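# Architecture at a glance
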Amino acid sequence: MAAPNRRNFTDNVRIGPLSVLVLVGILCMAVLAVLSVSTSNASLVIAQRQAHAVSDSYLAEHAAQDFVATLDEELAKTGTGEAVTTARGLEASLPDIARHAQEASDGRVLVNATLQDGVVHADFACSGARALEVEVSVGADGRPHVSKWAMTAIRNVEEPAGALWTGA
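Before going into details, it helps to say that this report is about the structure given with it. What you are looking at is a predicted structure, and each value in this text was computed from that prediction instead of being measured. (Residues numbered from 1 in each chain as written. Predicted model: local features only at pLDDT ≥ 70, side-chain atom pairs only at ≥ 80, totals over all residues. Heavy atoms only, no water.)

## Notes on the overall build of the chain
- When helices and strands are tallied, the chain shows two helices and four strands.
- Ordered by position in the sequence, the α and β elements of the chain form the string α-α-β-β-β-β.
- Counting over 168 residues, the chain shows a buried share of 23%.
- Pairs at least 24 apart in sequence give 48% of the contacts found in the chain among residues at least 6 apart.
- A total accessible area of about 11,900 Å² is found for the chain, and carbon and sulfur atoms account for 59% of it. (Helix = DSSP H or I, 4+ residues; strand = E, 2+ residues; numbered from the N terminus. Buried < 20%, exposed > 50% of the residue type's maximum accessible area, 1.4 Å probe, protein only. Contact = heavy atoms within 4.5 Å. Areas by Shrake-Rupley, 256 points an atom, 1.4 Å probe, with all protein chains shown as cover.)

## Let's talk about the pattern of salt bridges
- With the rule as written, the count across this model stands at four salt bridges.
- Its salt-bridge partner being Arg99, residue Glu103 comes within 4.0 Å of it at the nearest N-O pair. In this pair, Glu103 and Arg99 are both assigned in helix H2 (residues 83–104), four residues apart and thus about one turn of the helix distant.
- For Arg99, a relative accessible area of 46% corresponds to the partly exposed category. (Salt bridge = Lys/Arg side-chain N within 4 Å of Asp/Glu carboxyl O.)

## Details of unusual backbone geometry
- You will see that Asp106, though not glycine, has its phi angle at about 60°, which is positive.
- Here the phi dihedral of Asp117 falls at roughly 55°; this positive angle occurs in a residue that is not glycine.

Okay, here's the thing in structure tokens:
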């Protein structure tokens, strides 16, 4: 018979350190899961912003192409007369040309065009963060010559004062 004060070997197994190790592992996995979800959400927001910016760029490009084509048609109607006559006729028809370009983009691009010193300055602003600046001069042959075609980024609105991080 065994003595009553002897213990079996299974009574000596302690589960305290093993439980702490498993708990630390579970906490690390939970933190990594939260970080991966947060990163994927930030990547989604950035991708959506980029897609919107590219879409705005294409809208502005389409409106500007239509503007220059309509300007070319208007200059072809005027002919190769004097520069003063061409400038007066162009200045009178410039609002209609700008409105036609704006309608070509279904009103999603705001078109502003002015004539200064024989050069047409046109701005194509989208609802997003892109704007296209175009300068077209009228050559001696009565044809339009593009001297500037530049896409610019409009400065983003600052974050609200209480925002710590928006995810992008």
